[in-house]
Each structure stands twice: as C-alpha cells, then as structure tokens.
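Residue-level structure breakdown
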Amino acid sequence: MLRSINKVSGFKGLFLEPYVTSMQVSCNYASAKSNVNVQNLPRLPVPKLKDTLAKYLLTVRPFLNDDEYAKTTTLVKDFEQGLGKKLQGLLEKRAEQHVNWLEDWWLNTAYLEYRDPVVVYSSPGLMFPCRKFNNQNDQLQYAAKTLLAALEYKSLIDNDKIPLEMMGKSPLDMGQYKKVFGTCRIPWEKRDKLSFNSHSRHVTVIHNNHIFRIDLWGEDNVVLSEEQIVKQLKKIVELSSTPNNEGIGILTSENRDNWAKAYQLLSKDNTNRESLADVETSIVVLCLDAAAGLSKCADDDARRTLCGGQTIHGGGSKSNGGNRWFDKTIQFIVGADGLTGLTYEHSPAEGQPIAVLTDFIIKFIEQNKGGASASSSPKPPVALKFNVTTEVSNMIKDAKNNLDKLVGNLELNCFQYNKYGKNFIKSQKLSPDSYLQMAMQYAFYRLHKVPGAHYESAATRMYAGGRTETIRSCSIESVNFAKTMLNAQSSPKEKNAALKSAINSHKNYTVQALQGLGVDRHLLGLKLTALENGIDLHKLYSDVSYTRSTHMRISTSQVALKSDGLMSYGPLVPDGYATCYNPRDNDVNFATSAFVAHPDTACSKYRNALEQSLQDMHDVLLQNTPSKL
C-alpha cells in the first residue's frame, strides 16, 4: 500500500486492523477535526531515543551478517550521540504544540501524498457472506436493506450511541467512526484533499457505469421505506440498461496525478463540477454490479477469491471496475449473482470502524429489519451528467488499460483453514494473534529460506488522534523458531520451546507498539523533523539495516469479524505477500495475495506453506501436552 511513505521515510505498511479484541460499552466521541481531543485522552508520547535505537538493533539483526551488524551498531551510536539528539529535541517541541505530533504528518505522507492508485495498493476490499438472489428484485431489496442499515448505524454515530471501545482499562479514540460516512478523497496535484460532509442526506448509486443520486429523505423530511428505495433502484436500472463506455468512475482507479489532471479538466465544466460535488458529498456509494461469475465457482474458496478481487478492484474494466468511485470512503457492492461486500478508501480510518459496521449491517439484514417509516413525497432519482471532452475520453481509455494491468498482476487466494481456530490456541494458553503471526513467519522461511521483514499494525487509539504503530513480527526468536521447526534433528521439546519463545517475543513487542513505543513511527518522526528543518538525513536511513527491515515482504492484518467476512488487499512490495485474516473459534479465514509479475512469489505455494506450518505447530503443541491418564 503506502509506497509513498517509502519516498519520505523508507517505511512501507498497510495500516488496516487495530490490535483490539475486547470492547466495553460507553459513549463518547472525538471530533472528526484533526488534533481535537474531545475525549481528553493522553497525547501520543515521543519515545526515548535510546530505547528506540536499542529496539531497532534487535529488530534488524535477522537481516544482517556480522560485519553489517557491526557497521549498523556504529551508525546507531553515532546517531544517538549526535544528530539524533538534536532531532529528538525538535520532535519533543513539536509534541508540545500538537495533541498528536504524528497525526497530520501521517495523513499526508502515508495517504494524501501517495501517488500510486488507491486500487490494489491502498484500498482494501471486504467481502460479506455470499447471497442467493433469485432475481433482480432480490438484489435490489438487499441493496435497499444495506442502505437502511447504514443509515441506522450512521444515526448511532451521529448521536454518540456507539459503544466506547476499550483496550483493557484504556478507552480508545472513537474519532475515526465520525469519518466513515460522507467522506471522500479528492485528487489534487502532489497532495490529495479530504472532503467531510456529516450532514449528507443522499447516496450515490452506480449501475452499468452510470452515476445517480438518490435522496434517502423525502420532501416531508421522512426517511424512505425499503419498498420506496427498491422502487428508486428499479428506476435507476431502467434508466441505465446499456453500459456507459465513457463512465468516469474508472478514472478514480488511476494514478493520483493522472486522475488529478482529469479532475481539473472535468471541473472546467459547470455541470461536471456539480456532479462531482454530488458524489463527493453523498453518504456512501452503492454499486449495483453485474454478475461476476459467482455461480461458476467450484467451491467456497473459489467464491471467496472471486469476491476478494471484486471488492478490491471490480475485476477490471470488462467486469465491474468502472462501476466504482474508489475515492469514496465506503462503497457498498451488491452484485446480481449474490456477491456482496464493500471497498473502502483508507485515508480517514483504520479497519476497525469498517469491521464493526460490516457486522452491524449483516446482522441488520439477517434480522430482516426494514425502515419503519415511509415518506409521503419521495424525490425521484437523478442521473448525474458529465460532459466528456476528447481529452478526457482518452484518459478514460488509458484508465481502463491501466486498471486491467493492475488486475492481471494481482493474484489472490482466499480460503478458510478449518482444522482449528482460536479456541485451540487459547487452550494452549497462547495469544491467537501472535501464534498466527509466527505461522506466517514460519511459512515464509519454509519457502524462501531467508527471514522476511514482516509488518503488522497495532492501534495507538489509546491516544488522542492515534492511528497505528508497526509490529515488527520478524525477530531473532521467529527466525530461530522457523529454523528449529525445519531441522530434522530438533526434538519436540526444542520445537515447543522455540515456538513459545517466538510467540512471547511477538506478544511483548505488540504491547509496546500499542503504547506507541515501537520503532517505525519514531524513526519516521525524526526523519520528517530533519526534512522540515532542512537538515541532511543521517546515514542510518540509507543503511542496509533500514532498507531491508522496512522492505515488508509480509504485510499482515487481523480484521476480526463476528460474521463470515474477510478483508483482502494487495502486497506492499513486488516480491511480497499480503495476508489478512479473521480468526474465529474453530477456523481462520485467510486472504492472501501476491504479484504475478514476480517469479519468487505465488499464492498457491504460500497457502500450502501456511497450512503446513499451522499443522506442524498444532502437532508440536500436542506432542508436548502432558497426558491426562
């Protein structure tokens, strides 16, 4: 995802799922406005320089030989005693002047200045359980229920009735929930913008690449009923029976600078400006998709993989890739063949609000809830007009080709591992997340015989405006664990000890990352401090220890859903894998991806290695479990 951050900091990471598992109920909210501490939460700390650098040396050791490590140690010492001390002081001054010293920097460098397409590289897809639609009316009824569910959830957010999330005894910043509806990213040269409209009363509907507006409140200020929304959707389908070959939605899949140029050209026309603003200010986008081939899938895993692709990229220009507005924070997808889910643009929020929203919507629909009201004067749907010049038309053709290349280069393998789930792991008194992280480390080493730099996000939402910190899952202990497991001479006792040591190491780093005491954000802050003050960067930032440890070949996220859903996204680096996972009581849903163009990575091999690693770990634990006889 965030290759732009590498241009600034040498760091790449997909910042999806906060490390949150337990929640308590309360109600309070942080404002959507940056740096406003409504909840009176603690400020994000600036870690001690000495502590960060000591931790850094531990995390880079797996990637260096003895000579390289000695050189890195010298560089770290020089940085700590010289330039680093000066930058630390400047960063601490910034922290005194901001509620969250990282928040604005992070939004800009990690997202809004990011120039590659949001599709594949940034925006995740989240598949809902597949549905069976017998006819078009079933599809439209499901779509209407989805919109009503979203409205009810938005009302809970707006009225501060969403339960306050807790991590242990610490309340978490709830501000991200305020940013998921009515939000849109707007392309701009060099740095995009974010548009917030919390008072929106309409949604954008896209069908056959045609774009429409539906007002969810009638002239009488009453919310439309399910039947009334279905009627509106039917009208839209009638008005857009033929695919629009010059639909501009596909432009949102482009490189951000290319899209910004097209956006400026479109904006010269008054009609276009009004239509663009209408989409940008809507609550959400609803994509009424054509059938994507769900009925042709051989099994559940094939269906999961197809859904993963459709929710990430829409299957390309010849499928549903043009039936999108990828800049919108939330796009609900309801396909004619029962494929359902959403795509979300990552800038305003992490995965937790999206995951909670998903479970709410699925439960709302399964309980067959509908709107209790019915408007006496609903407004008809409005087709949004766009005047497309020859130049923009050529840009649309380029966007189609570029999206198709992206789609062709992304390999997905989404599956359910059903041998066991988190119940077994907990029975061994082990952390399910750390256990699964070590399974991925083991799988990568099994395939490539080298340590893999490994990213997992930890939420720093215990602080005002907190987003994420990196958990560096590759460690001295994780490499030793993988080597021990692959060594035929290792005893079951040695394997068990290495497994538990690796899990404990990961768990300990996680606890520190949750407190904002990881390595990556602090080093990023020091680097940005140097750049802002015209100070030359220290050689540490170009050292092999830094470049290798931030080349995240394994990008991972736990997105815990109560429902049988699954999030998916693309790898961070050309020779890497992405792994999103939803651990449930007796199984684990995995979404893995890799780039086809790179000869060293293949999802099928990675999946096999992961499944074998999970089995090996299970067997080692059972071998070391005392008999109850």
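In the block above lies the structure referred to throughout.
1. Thoughts on the overall build of the chain
Looking only at helices and strands, one finds 19 helices and 18 strands in the chain. For 629 residues, the compact-globule estimate of 2.2 N^0.38 gives 25 Å, and the C-alpha radius of gyration of the chain, at 24 Å, lies within 12% of that figure. Within the span of the chain, comprising 629 residues, buried residues form 60% of the whole. Across the chain, the fraction of contacts at a sequence separation of at least 24, relative to all contacts at a separation of at least 6, is 77%. For the chain, the accessible area works out to roughly 24,200 Å², and carbon and sulfur atoms hold 49% of it. Of the charged side chains in the chain, 74 are positive and 65 negative, and the gap between their average positions amounts to 2 Å.

2. Focus: the environment of V60
Locating V60 in the fold gives a position in helix α2 (residues 49–60). Remark: the alpha-carbon pair of V60 and V544, spanning 484 residues in sequence, is separated by 9.3 Å.

3. So, the nonpolar core
Counting residues in each nonpolar core, the largest one holds 99 residues, and the members touching the most others are F181, L233, I248, L251, L286, W325 and F332. For this core, the leading source of residues is helix α6 (residues 136–158), giving 11 residues. In this view, L233 contacts L140, A143, A144, V205, I214, L286 and L288; residues no more than four positions away in its chain are not counted. Counting residues in each nonpolar core, the second largest holds 44 residues, with F415, A443, V479 and I503 among its members.

4. Concerning the packing of helix α14 (residues 432–448) against helix α19 (residues 603–623)
With their axes 8 Å apart at the nearest point, α14 and α19 run at an angle of 120° to one another. The pairing of α14 with α19 is recorded here as oblique in orientation. Where α14 crosses over α19, the handedness of that crossing is right-handed. Packed against α14, whose contacting residues are Y435, L436, M438, A439, M440, Y442, A443, R446 and L447, the element α19 presents K605, Y606, A609, L610, Q612, S613, L614, D616, M617, H618 and L621 at the interface. Per-class residue counts for the contact of α14 with α19 are 14 nonpolar, three polar and three charged.

5. A word on the packing of aromatic side chains
Counted according to the given criterion, the structure contains 18 aromatic pairs. Judged by centre distance (6.0 Å) and plane angle (80°), the ring pair of W259 and W325 falls under edge-to-face. Taken together, the positions of W259 in helix α8 (residues 256–266) and W325 in the loop between α10 (300–313) and β9 (330–335) put the pair 66 residues apart, joining distant regions of the chain. For the pair W259 and W325, a shared accessibility class is recorded, and that class is buried. Centroid distance Y420 to F424: 5.0 Å. Interplanar angle 65°. Geometry classified as edge-to-face. Comparing Y420 with F424, the two get one shared label, buried. One aromatic cluster in this structure is built from W188, W259, Y263 and W325. A cation sits over an aromatic face here: R61 above Y69, 4.5 Å from the ring centre. The ring of W105 has R94 lying over it, and the distance from NZ or CZ to the ring centre is 3.7 Å.

6. With respect to α6
The terminal C-alpha atoms of α6 lie 33 Å apart, and with 23 residues this matches the ideal 33 Å at 1.5 Å per residue to within 8%. One or two steps after α6, the chain reaches D160, where phi turns positive at roughly 55°.

7. Describing the pairing of strand β13 (residues 454–459)
Of all the six residues making up β13, six are buried; the element is thus mostly covered by neighbouring parts of the structure. On β13, burial covers both faces: H454, E456 and A458 on one face and Y455, S457 and A459 on the other are all buried. With three bridges joining them, β13 and strand β15 (residues 554–558) adopt parallel strand pairing. Residue pairing for β15: E456 is matched across the bridge by T556. When β13 meets strand β14 (residues 468–472), the two strands line up antiparallel, connected through five bridges. What sits directly across from S457, in β14, is T470.

8. Here's the deal with the pattern of salt bridges
This structure, assessed with the given rule, holds 29 salt bridges. Among the salt bridges present, the one from D66 reaches R61, with a minimum N-O distance of 2.6 Å. Judged by its relative accessible area of 22%, R61 is partly exposed. A salt bridge links R213 to D215; its shortest N-O distance comes to 2.8 Å.

9. Details of the sheet that holds β14
Spatially, β12-β18-β17-β15-β13-β14 is the arrangement adopted by the six strands of the open sheet, whose pairing is mixed. Whereas interior strands pair on both sides, the edge strands pair on one side only; in this sheet they are β12 (410–417) and β14. Mean inter-strand twist for the sheet, computed between neighbouring axes without regard to direction, equals 20°. For β12 and strand β18 (residues 588–595), the ladder comprises eight bridges, and the chain directions are antiparallel. In the sheet register, N413 faces β18, and the bridge partner there is T592. The sheet contacts of α10 involve β12 and β18, and relative to β12 the element is tilted by about 135°.

10. A look at helix α9 (residues 270–280)
The complete set of buried residues in α9 reads N272, S275, L276, D278, V279 and E280. Buried residues along α9 sit against β4 (183–186), β5 (193–196), β6 (202–207), β7 (210–215) and α8. Residue D269 occupies the N-cap position of α9, its side-chain oxygen lying 2.8 Å from the main-chain nitrogen of T271.

Calculation notes
Residues numbered from 1 in each chain as written. Predicted model: local features only at pLDDT ≥ 70, side-chain atom pairs only at ≥ 80, totals over all residues. Heavy atoms only, no water. Helix = DSSP H or I, 4+ residues; strand = E, 2+ residues; numbered from the N terminus. Rg over C-alpha atoms; globule rule 2.2 N^0.38 Å. Buried < 20%, exposed > 50% of the residue type's maximum accessible area, 1.4 Å probe, protein only. Contact = heavy atoms within 4.5 Å. Areas by Shrake-Rupley, 256 points an atom, 1.4 Å probe, with all protein chains shown as cover. Lys, Arg positive; Asp, Glu negative; His and termini not counted. Charge placed at Lys NZ, Arg CZ, Asp CG, Glu CD. Core = buried A, V, L, I, M, F, W, Y, C linked by side-chain atoms within 4.5 Å. Axes fitted to C-alpha atoms, helices over the stretch in contact; angles between N-to-C directions. Parallel < 35°, antiparallel > 145°, perpendicular 65-115°, else oblique. Left-handed = near helix turned anticlockwise from the far one by under 90°. Nonpolar A, V, L, I, M, F, W, Y, C, P; charged D, E, K, R; others polar. Phe/Tyr/Trp six-rings, centres within 6.5 Å; stacked < 30°, edge-to-face > 60°. Lys NZ or Arg CZ within 6 Å of the ring centre and 35° of its normal. Expected span 1.5 Å × (residues − 1). Pairing = 2+ DSSP bridges. Salt bridge = Lys/Arg side-chain N within 4 Å of Asp/Glu carboxyl O. Polar contact = N/O pair within 3.5 Å; in protein donor to acceptor, adjacent residues only side chain to side chain.

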